[in-house]
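Working through the structure, step by step
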Amino acid sequence: MIDTTNFPKAKVIWYQGKFHDWSEITLHSMTHALHYGTSAFEGIRAYPTAKGPAVFRLPEHVDRFLNSAAVIKMNPPYGQEEITQAILETVRRNELDSCYIRPLFFYSYGNLGLVPKASPAELVIAAWEWGAYLGEKASAGVSVYLMPWRRVHISQIDLRAKLGGVYVQSTICGLMARDKGCDEAVFLNLEGRIAEGPGENIFVVKNGVIKTNSRSESILEGITRTSVLEIAADLGYKTTVGPIAKDELLAADEAFFTGTAVEIVPIIKLTDGSDPADPKEPVALGNGRAGEVCGRLREAYLEIVQGRNSRYEKWLTYVSA
Ligand SMILES: Cc1ncc(COP(=O)(O)O)c(C=O)c1O
């Protein structure tokens, strides 16, 4: 049996139209994507509701998934409806109430030139129970390391796509931040302003105004980010979208991450490692504790994803339907 410690409750995996036992799925080691990161992926969550598990913003995730596949020039063997049904069936077959869902398109086995001309695009969908991405204590606030490496720039690759190879920067910097004793990394963009985390968007709060940046700042405009902007406005907060200077983050009353995996997590401490010649001591962000605005948004978000706010039913796809 394969070790499933980090994939709790995963039983079966969908691969090219069929379910396979989690322990039995195999791929050839000359699979193109394994060598060059030639894949497109999504990160989706399903939550328990009174009507059984529901997937949060599934159509938006499937759209982004297909767009990512188009950016890496795949001719996907499955379309919107088939992928949607396969995702729902994967949650059902694994009997998951609450889970993380990972669909992955990848160039498979066929040739190993950089151009995958004989390697077909294949699809795999996995689901398992995944708790708090940055650990159970993250809701009380996390520490971040401001990276010396600048975020991949918007002029270099289409950042609307979630492409495997592009995430090697996220992995390296996520490891480096942890080596520095922090919970997560934060990137500056090439312009020297705040970009995003390795898999998270960033918000700041100043004098009651909630602000995040946009794609021109070299970020993935996350689905959680868009949702949080809408929820915040509905709660009566003033929101704004624009560039975030490093000093703005340092002087913010509150800062927080958003993302499917991380959900909404306060950032309470920052170590500025952006200039290796001038390393800085960690500083508190805001008052160094989880902020009130972030707390309200987090609470509202968790209610919404669990189907406890009828106004946002539009964002839920029930697994049993
Ligand atoms: C680089 C990056 N930024 C931001 C996000 C947050 O996006 P979402 O809210 O759609 O999960 C993600 C996760 O998908 C990401 O990988």
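Below is a short write-up of the structure. (Residues numbered from 1 in each chain as written. Predicted model: local features only at pLDDT ≥ 70, side-chain atom pairs only at ≥ 80, totals over all residues.)

Here the focus is unusual backbone geometry. The backbone of Arg 57 sits at a positive phi, close to 50 degrees, despite the residue not being glycine. For Arg 57, the position within the fold is in the loop between strand E5 (54–56) and helix H2 (58–71). According to the C-beta neighbour criterion, Arg 57 is buried, with 22 such atoms within 10 Å. The phi dihedral of Lys 73 is positive, around 60 degrees, even though this residue is not glycine. Within the secondary structure layout, Lys 73 lies in the loop between H2 and helix H3 (80–93). (Helix = DSSP H or I, 4+ residues; strand = E, 2+ residues; numbered from the N terminus. Buried ≥ 20, exposed ≤ 12 C-beta atoms within 10 Å, placed from the backbone.)

The contact between helix H5 (residues 223–234) and helix H7 (residues 292–305) brings their axes to 10 Å, and the two run at 110 degrees. Relative to H7, H5 is oriented roughly perpendicular. Listed contacts from H7 to Val 228, Ile 231 and Ala 232 of H5 are Leu 297, Ala 300, Tyr 301 and Ile 304. Per-class residue counts for the contact of H5 with H7 are seven nonpolar, no polar and no charged. (Axes fitted to C-alpha atoms, helices over the stretch in contact; angles between N-to-C directions. Parallel < 35°, antiparallel > 145°, perpendicular 65-115°, else oblique. Contact = placed C-beta atoms within 7 Å. Nonpolar A, V, L, I, M, F, W, Y, C, P; charged D, E, K, R; others polar.)

In terms of burial, strand E8 (residues 142–146) is a largely internal element, four of the five residues being buried. Both E8 and strand E14 (residues 263–272) contribute to a ladder of five bridges, which runs parallel. Bridging across to E14, Val 142 finds its partner in Ile 267. The pairing of E8 with strand E9 (residues 184–186) spans three bridges and is parallel. Looking at E9, one finds that Leu 146 is bridged to Val 186. Handedness of the β-α-β unit built from E8, helix H4 (residues 168–179) and E9 comes out right-handed. (Pairing = 2+ DSSP bridges. Right-handed = clockwise from strand over helix to strand, strands pointing away.)

Attention now goes to H7. The terminal C-alpha atoms of H7, which comprises 14 residues, lie 20 Å apart, in line with the 20 Å expected from a rise of 1.5 Å per residue. Of the residues making up H7, those classed as buried are Val 293, Cys 294, Leu 297, Tyr 301, Ile 304 and Val 305. Buried residues in H7, looked at end-on, bunch into an arc of 95 degrees, giving them a common side. In the segment just after H7, Gly 307 is the residue with positive phi, at about 70 degrees. (Expected span 1.5 Å × (residues − 1). Arc of directions from axis to C-beta.)

For Tyr 237, the location among the structural elements is in the loop between H5 and strand E12 (238–241). Using a count of 16 C-beta atoms within 10 Å as the deciding quantity, one classes Tyr 237 as partly exposed. Sequence spacing of Tyr 237 and Gly 208 is 29 residues, and the spatial spacing of their C-alpha atoms is 7.1 Å. The residues contacting Tyr 237, other than those within four sequence positions of it, are Gly 208, Ile 210 and Ala 232.

The next thing to look at is the site of the ligand. Near the ligand you find 14 residues, and of these Gly 222, Ile 223, Thr 224, Gly 259 and Thr 260 are the closest. When contributions to the shell around the ligand are tallied by element, the ones reaching two or more residues are H5 and strand E13 (254–259). Examining the composition of the shell around the ligand, we find that three residues originate from one element, H5, more than from any other. In terms of residue class, the shell around the ligand is built from two nonpolar, eight polar and four charged. (Near = placed C-beta within 6 Å.)

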